[in-house]
Amino acid sequence: MLALYNTLTRKKEEFKSLKKNEVSLYTCGPTVYNFAHIGNLRTYIFEDLLKRVLLYNKNKIKHVMNITDVGHLTSDADTGEDKIEAASKKEHKTAWQIAEFYTKAFKDDMKKLNLLPPSVWCKATDHIKEQIKWVQDLEKAGYTYKTADGIYFNTSKFKDYGKLALLEKQQLQAGKRVAMGDKKSPTDFALCKFSSPEEKRQMEWNSPWGKGFPGWHIECSVMATKYLGKQFDIHCGGVDHIPIHHTNEIAQTEALTKKKWVNYWLHGEFLILEEEKMSKSKGNILTLSVVEEH
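Right, let's walk through the structure included here. (Residues numbered from 1 in each chain as written. Predicted model: local features only at pLDDT ≥ 70, side-chain atom pairs only at ≥ 80, totals over all residues. Heavy atoms only, no water.)

As for the overall build of the chain
This is how the line gets drawn: Each helix is a run of DSSP H or I of at least 4 residues and each strand a run of E of at least 2, with the numbering of both proceeding from the N terminus. Both definitions apply: the radius of gyration is a C-alpha atom measure, and the globule rule equals 2.2 Å times residues to the power 0.38. Burial status follows relative accessibility: with a 1.4 Å probe on protein chains alone, a residue under 20% of its type maximum counts as buried, one over 50% as exposed, and anything between as partly exposed. Note that accessible areas follow from Shrake-Rupley with a 1.4 Å probe, and for residues the cover is restricted to the protein chains shown. For the purpose of charge, His is not counted, nor are the chain termini; Lys and Arg are scored as positive and Asp and Glu as negative. In this description, the location of a charge corresponds to atom NZ of lysine, CZ of arginine, CG of aspartate or CD of glutamate.
A count of helices and strands for the chain gives seven helices and 13 strands. Whereas a compact globule of 294 residues would reach a radius of gyration of roughly 19 Å, the chain reaches 19 Å, a difference of no more than 12%. Its C-alpha atoms give the chain principal-axis dimensions of about 50 × 45 × 35 Å. Burial statistics for the chain: of 294 residues in total, 53% are counted as buried. Summed over its atoms, the accessible surface of the chain is roughly 14,700 Å², and 51% of this surface lies on carbon and sulfur atoms. Positive and negative side-chain charges of the chain, numbering 45 and 38 respectively, have mean locations separated by a distance of 6 Å.

Remarks on the packing of helix H5 (residues 216-228) against helix H6 (residues 242-257)
To be explicit about the condition: Note on definitions: angles span 0 to 180 degrees between N-to-C directions of axes, and those axes are lines fitted to C-alpha atoms, for helices only across the stretch in contact. By definition in this entry, angles of less than 35 degrees are roughly parallel, angles greater than 145 are roughly antiparallel, angles of 65 to 115 are roughly perpendicular, and the rest are oblique. Note on convention: the crossing is left-handed when the near helix lies turned anticlockwise from the far helix by less than a right angle, right-handed when the turn is clockwise. Any pair of residues with heavy atoms lying within 4.5 Å of one another is described as a contacting pair. Three categories are distinguished: nonpolar for Ala, Val, Leu, Ile, Met, Phe, Trp, Tyr, Cys and Pro, charged for Asp, Glu, Lys and Arg, and polar for the others, with Gly belonging to the last.
In the contact formed by H5 and H6, the axes pass within 9 Å of each other and the chain directions differ by 60°. Our classification of the angle between H5 and H6 gives oblique. At the point where H5 passes H6, the crossing takes the right-handed sense. Within the contact between the two elements, H5 uses Trp216, His217, Ile218, Cys220, Ser221 and Thr225 and H6 uses Ile244, His245, Asn248, Glu249, Gln252 and Thr253. Its residues assigned to classes, the contact of H5 with H6 shows four nonpolar, seven polar and one charged.

Considerations on the side chain of Asp188
What counts is decided by this rule: The salt bridge criterion pairs a side-chain nitrogen of Lys or Arg with a carboxyl oxygen of Asp or Glu, the two atoms within 4 Å. In protein, a polar contact requires one atom able to donate a hydrogen and another able to accept it; more generally it is a pair of N or O atoms within 3.5 Å, and residues adjacent in sequence count only if both atoms are side-chain atoms.
Along the polypeptide, Asp188 turns up in the loop between strand S7 (150-153) and strand S8 (189-194). Buried charge without a partner: Asp188 forms no salt bridge, and the closest opposite charge is Lys184, 7.0 Å away. A polar contact is formed between the side chain of Asp188 and the side chain of Tyr145, at a distance of 2.6 Å. Sequence-distant contacts of Asp188, defined by excluding residues within four places in its chain, comprise Asp78, Tyr145, Tyr152, Phe153, Asn154, Thr155, Ser156 and Lys183.

Points about the sheet that holds strand S10 (residues 232-238)
Strand-to-strand pairing in sheets goes through backbone hydrogen bonds, with the strands running parallel or antiparallel. Cut-off, in case you're wondering: The criterion for strand pairing is that DSSP finds at least two bridges linking the strands in question.
Taken together, the five strands give an open sheet; going across it, the order is S5-S4-S3-S10-S11, and neighbouring strands pair in parallel fashion. The open sheet has two edge strands with one neighbour each: strand S5 (120-123) and strand S11 (262-268). Between one strand and the next, the sheet's axes are offset by a mean angle of 20°, whatever the strand orientation. Across six bridges, the pairing between S10 and S11 is parallel. For Gly237, the partnering residue across the bridge sits in S11 and is His267. Along the sheet, helix H1 (residues 38-56) contacts strand S3 (22-27), strand S4 (60-67), S10 and S11; its crossing angle with S10, the most-contacted strand, is approximately 155°. In the packing of H6 onto the sheet, the strands contacted are S10 and S11, and the crossing angle to S10 comes to about 155°.

Looking at the side chain of His241
Note that His241 resides in the loop between S10 and H6. In contact with His241, not counting residues within four places along its chain, are Cys28, Trp216, His246 and Thr247.

Some points on a nonpolar patch on the surface
Note the threshold: The residues that make up patches have over 30% relative accessible area and no salt bridge, and they are joined within 9 Å when like-charged or within 5 Å when they are Val, Leu, Ile, Met, Phe, Trp or Tyr.
On the surface, Leu286, Val290 and Val291 cluster together into a nonpolar patch covering about 180 Å² of accessible area. Note on placement: Leu286 falls in the loop between strand S13 (276-277) and helix H7 (288-293).

Topic: the sheet that holds S8
Pairing in this open sheet of four strands is antiparallel, and the strands run S6-S7-S8-S9 from one edge to the other. Only two strands of the sheet have a single neighbouring strand rather than two, namely strand S6 (144-146) and strand S9 (212-214). Taken over all neighbouring pairs, the strand axes of this sheet differ in orientation by 25° on average, direction set aside. As judged from the four bridges shared by S7 and S8, these two strands associate in the antiparallel manner. Paired with Gly150 across the two strands is Lys193, which belongs to S8. Strand contacts of helix H4 (residues 128-140): S6, S7, S8 and S9, with the helix running at about 100° to S6, the strand carrying the most contacts.

Treat this as a map of the structure, not an account of what it does.
Listed below in structure tokens is the structure:
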């Protein structure tokens, strides 16, 4: 028997896949604007150990990992600059060059750590049409509204919003740090953002609502569902994804499918360095190449 700690239930549960001896696994991949640090890589090592145990138990695994190469903004409030676009300005390269360079760097780190590659690599920019279609379907179902800067998901319309993060018990504390702007609720989130007329973006696409780019959360829902189906076994990521990213993925997916999306949610903890979590925003990171040098 294999027992897994399921974030959704906050319990250890016996693992039973939807199909006998077949496991569907989605792991949130990197946002490719910088090198992964060893705190990031800790989560990928945990996911690799999980995968190897499942393989040891004679399971066939379909493992999907995304590459976020657009739409991840510097603030969880759906504001700020796109991390890829910001890196483009800083390094004097195109956004596409930035994404390509750091995608290769991440894959090189995976090889150095002897991590098994996924069955499917999928880039957000390769799935723009599917993301637009998903937002259109949510709009038809009555879950969206339009603001000056984008199309937003109305969390009040989704009955179980926040169940992964236990937001109801926290009295929506996680949403308090999110600026309201034109949003109806602090927990509402962007499905797609409009390009600002004041700034020329390198990564933007035409949509039924105007020129813009996808929200970070919609990317994972679309790609996971495309390659693994409307229900699958395991979704992994870092603990920082629980209150916002994964919570929003569940809402925008189950709003359409009307069924439980993922059976087991597993999360990797932060790597603590001198009593603070390792984070690019804090500037206290160690990359694998630096560790190799020492």
